[in-house]
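Listed here are the chains, written in short residue letters.
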Amino acid sequence: MKTDCIAEETTLREALARLDASGRGVLVILSEGGEVRRTVTDGDLRRLILKGASLEDPVRGLPPRVPVTAPQGISRVEALGIMDEYHLDHLPVVDAGNRLVEIFDRKTLSKRIFLSSPHMGDLEREYVDEAFRSNWIAPLGPNVDAFEREICEMIGIKAAAALSSGSAAIHLALRLLGVGSGDRVFCSSLTFIASAAPIVYQDAEPVFIDSEPETWNMSPKALERALAEAKAERKLPKAIVVVNLYGQSADMDPILELADYYGVPVVEDAAESLGAKYKGRNSGTFGRLGVFSFNGNKIITTSGGGMLVSDDSDLIARARFLSTQAREPALHYEHKEIGYNYRMSNILAGIGRGQLKVLDDRIEARRRMFDTYVTELSGIPGIEWMPEPAWSFSNRWLTACTLDPTKSRIDNHTLLKKLADDLIEARPIWKPLHLQPVFKGCSYYQHDNTSVSDSLYDIGLCLPSGSNMTQDDIARVTGKIRSLVG
Ligand SMILES: *Cc1c(COP(=O)(O)O)cnc(C)c1O
């Protein structure tokens, strides 16, 4: 920054040379005491010379101009507001004594850090190009077949159907399990709405199950109570949708044991947990059916897409049938039941194949990111990280934590607001579905005397976790949080 400052005695020649060297396009003239006098650009100096000034004259000859400055500690959003208002690309930041602290420039300042943005590898374009070359621009083709095969090999499952979204995969799963009008379906409460919306598409009734503190996922205790009560009412659910939150598997053994005991099939919503493991086995392979999402914010993406997987190849064959408008094998398009247009396009499957090749790198990067947050923010009172039980290998899709407002200097809502003011996208933990207005009146089974999902939502947050964040980005986020919380 020193190189961007000049004294009032500096000559025009030297000032022009300094402008050339700095490349910023602006210099700040400081008084002897270090106060900001004005800013000066190339154009200012040229106009002075045109009026007859010599290159050896001092910049003091520039007409005085009250500089637009920003106070130290100003947020990025506010600073950009000032720059917009005065049509500036640079803004000197000054302390209480009007001494220069730093110079903001618009390009650096306006860099936004996202929660989780797409991160392409080297091969996606080749698969997509191949689809163009061979004119397979359709919701079927070699990339779709290969993407399904490659997922099956990678996670160790028999069959997969590539679909237009994770939501479509959940919807098909429920349809395949015979969920229909008036049926009940149990579902984790602490999740994104897409886990439960398809229950309503099928005109069935969602019943929400709380989380347990150990995994933040479905509480086997709450599930046990819900199943026992349902059995007594002779209204067992048609399916249980178990969610693996933020890349971490639910505690599958006790959940599957209960489901088996009551004879209810499990749909594993592994939309967020591709590549994660439970007791060494791949996430998404535990239920009767498993679901992945390749939406733009997920750990790998096809821009939009999903996958339904199962060890029951017949179920997946029927999923393919239903996802292509339930077309009977006849030239004239015979239909005996209603299906959907849910297949994945061959172009997007090409992106998926490339992304699958870098999945391990992405998981490693996200896990490293989690470790960095923990190291950099350790010692902040009241902060606790989403736990990872010994049996779990989370893909750490999002780094999630809680901030106890009785111990921390700042609560999670204020922190989120301050981060947003600094163009850092962080989010609260999912609002539990039993609290959503649209699900008002639905039954809910909490973990014990307290609702775990409510308290996680109250004090939790997800930090920026994209695998394409730079070291500088991470340092910016941790630095900002430390300055606010520490
Ligand atoms: C993203 C997500 C889905 C839905 O996937 P889409 O591909 O966006 O339809 C479902 N469940 C969970 C838990 C998700 O995070």
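Here the structure is a predicted model, which means the values were calculated and not measured. (Residues numbered from 1 in each chain as written. Predicted model: local features only at pLDDT ≥ 70, side-chain atom pairs only at ≥ 80, totals over all residues. Heavy atoms only, no water.)

Peer 1: Requested: an account of the pattern of salt bridges, with residues and values cited.
Peer 2: This model, assessed by the stated rule, comprises 34 salt bridges. Linking Arg60 and Glu9 is a salt bridge whose minimum nitrogen-to-oxygen distance equals 2.2 Å. In this pair, Arg60 sits in the loop between α2 (42-50) and β4 (70-71) while Glu9 sits in the loop between β1 (5-7) and α1 (12-22), placing the two residues 51 residues apart along the sequence. We classify Glu9 as partly exposed; its relative accessible area is 44%. (Salt bridge = Lys/Arg side-chain N within 4 Å of Asp/Glu carboxyl O. Helix = DSSP H or I, 4+ residues; strand = E, 2+ residues; numbered from the N terminus. Buried < 20%, exposed > 50% of the residue type's maximum accessible area, 1.4 Å probe, protein only.)

Peer 1: Any chance you could break down the UniProt feature "domain: CBS" (unreviewed entry) in the protein for me, citing the residues and the numbers?
Peer 2: Residues annotated by UniProt as "domain: CBS" (unreviewed entry) correspond here to residues 1-55 and 62-123. With 23% helix and 21% strand, the stretch residues 62-123 has end C-alpha atoms that lie 56 Å from each other. (UniProt positions renumbered as here; feature names shortened; annotations may be inferred.)

Peer 1: Give a detailed account of the site of the ligand, specifying residues and quantitative values.
Peer 2: Of all residues adjacent to the ligand, which total 16 residues, the nearest are Gly166, Ser167, Glu272, Ser293 and Lys298. Here an oxygen atom of the ligand sits 2.7 Å away from a polar atom, N or O, in the main chain of Gly166. Measuring from a nitrogen atom of the ligand, one finds a side-chain N or O atom of Asp269 at 2.8 Å. Compared with its free state, where it exposes 380 Å², the ligand has 94% of that area covered by protein. Considering each element in turn, the shell around the ligand owes the most residues, three residues, to helix α7 (residues 166-176). Each residue belonging to the shell around the ligand can be placed in one class, and the counts come to five nonpolar, eight polar and three charged. (Near = heavy atom within 4 Å. Polar contact = N/O pair within 3.5 Å; in protein donor to acceptor, adjacent residues only side chain to side chain. Areas by Shrake-Rupley, 256 points an atom, 1.4 Å probe, with all protein chains shown as cover. Nonpolar A, V, L, I, M, F, W, Y, C, P; charged D, E, K, R; others polar.)

Peer 1: Go over the sheet that holds β1, please, and point to the residues and values.
Peer 2: Each strand in a sheet pairs with its neighbour through backbone hydrogen bonds, running either in the same direction (parallel) or in the opposite one (antiparallel). Sheet architecture is open: three strands sit in the order β1-β2-β3, paired in mixed fashion. Two strands close off the open sheet at either side, each with one partner strand: β1 and β3 (36-40). Ignoring which end each strand starts from, the neighbouring axes of this sheet average 30 degrees apart. Looking at chain direction, β1 and strand β2 (residues 27-30) are connected through three bridges and run parallel. (Pairing = 2+ DSSP bridges. Axes fitted to C-alpha atoms, helices over the stretch in contact; angles between N-to-C directions.)

Peer 1: How would you summarise the domain arrangement of the protein if you had to cite specific residues and measurements?
Peer 2: Segmentation of the protein into domains returns domain 1 (2-109), domain 2 (123-356) and domain 3 (359-485). Counting each side, the surface lost to burial between domain 1 and domain 3 is near 410 Å², with a carbon and sulfur contribution of 57%. Summed over the three residues of domain 1 that lose the most area to domain 3, namely Ser75, Arg76 and Val77, the buried surface amounts to 84% of that side. Taken together, the links from domain 1 to domain 3 amount to one salt bridge. The partner of Asp422 in a salt bridge is Arg76, and the shortest N-O contact between them spans 3.7 Å. Inspection of the domain 1/domain 3 interface yields three residue pairs in polar contact (both at pLDDT 80 or more). Ranked by the residues each element gives to the side of domain 1 that touches domain 3, the list is headed by helix α3 (residues 76-85), at three residues. Taken together, the residues of the side of domain 1 that touches domain 3 sort by class into three nonpolar, one polar and one charged. (Domains from an automatic or database assignment. Buried area = accessible area lost by both parts, 1.4 Å probe.)

Peer 1: Any chance you could break down the packing of helix α6 (residues 142-155) against helix α12 (residues 346-357) for me, citing the residues and the numbers?
Peer 2: Where α6 contacts α12, the two axes come as close as 7 Å, and the packing angle between them is 30 degrees. Viewed along their axes, α6 and α12 adopt a mutual orientation that is roughly parallel. With respect to the hand of their crossing, α6 and α12 are arranged in left-handed fashion. Of the residues in α12, those touching α6 at Pro142, Asn143, Val144, Ala146, Phe147, Glu150, Ile151 and Met154 are Asn346, Ala349, Gly350, Gly352, Arg353, Leu356 and Lys357. (Parallel < 35°, antiparallel > 145°, perpendicular 65-115°, else oblique. Left-handed = near helix turned anticlockwise from the far one by under 90°. Contact = heavy atoms within 4.5 Å.)

Peer 1: So what's going on with the sheet that holds β4? Which residues, and what values?
Peer 2: One open sheet accounts for three strands, arranged β4-β5-β6; its pairing is mixed. Each having just a single partner strand, β4 and β6 (100-105) make up the two edges of the open sheet. Of the pairings in the sheet, the one linking strand β5 (residues 90-94) to β6 comprises five bridges and is antiparallel in character. Residue pairing for β6: Leu91 is matched across the bridge by Phe104.

Peer 1: How would you explain the environment of Ile410 if you had to name every residue and give the values?
Peer 2: Here Ile410 lies in the loop between β18 (399-403) and α14 (412-421). What makes Ile410 buried here is its relative accessible area of 10%. Separated by 74 residues in sequence, Ile410 and Leu484 place their C-alpha atoms 7.3 Å apart.

Peer 1: Tell me about the packing of aromatic side chains, residues and numbers included.
Peer 2: Under the definition given, this model contains ten aromatic pairs. Both rings, one in Phe208 and one in Phe439, keep their centres 5.0 Å apart while their planes meet at 65 degrees; by these two values the pair is edge-to-face. Highlighted residues: Phe208 in strand β9 (residues 205-209) and Phe439 in the loop between β19 (427-428) and β20 (444-445), separated in sequence by 231 residues. Side by side, Phe208 and Phe439 carry an identical accessibility label, which is buried. Plain terms: the ring middles of Tyr278 and Phe286 are 5.4 Å apart, the flat faces sit at 80 degrees to each other, and that makes the pair edge-to-face. The same class applies to Tyr278 and to Phe286, which are both buried. (Phe/Tyr/Trp six-rings, centres within 6.5 Å; stacked < 30°, edge-to-face > 60°.)

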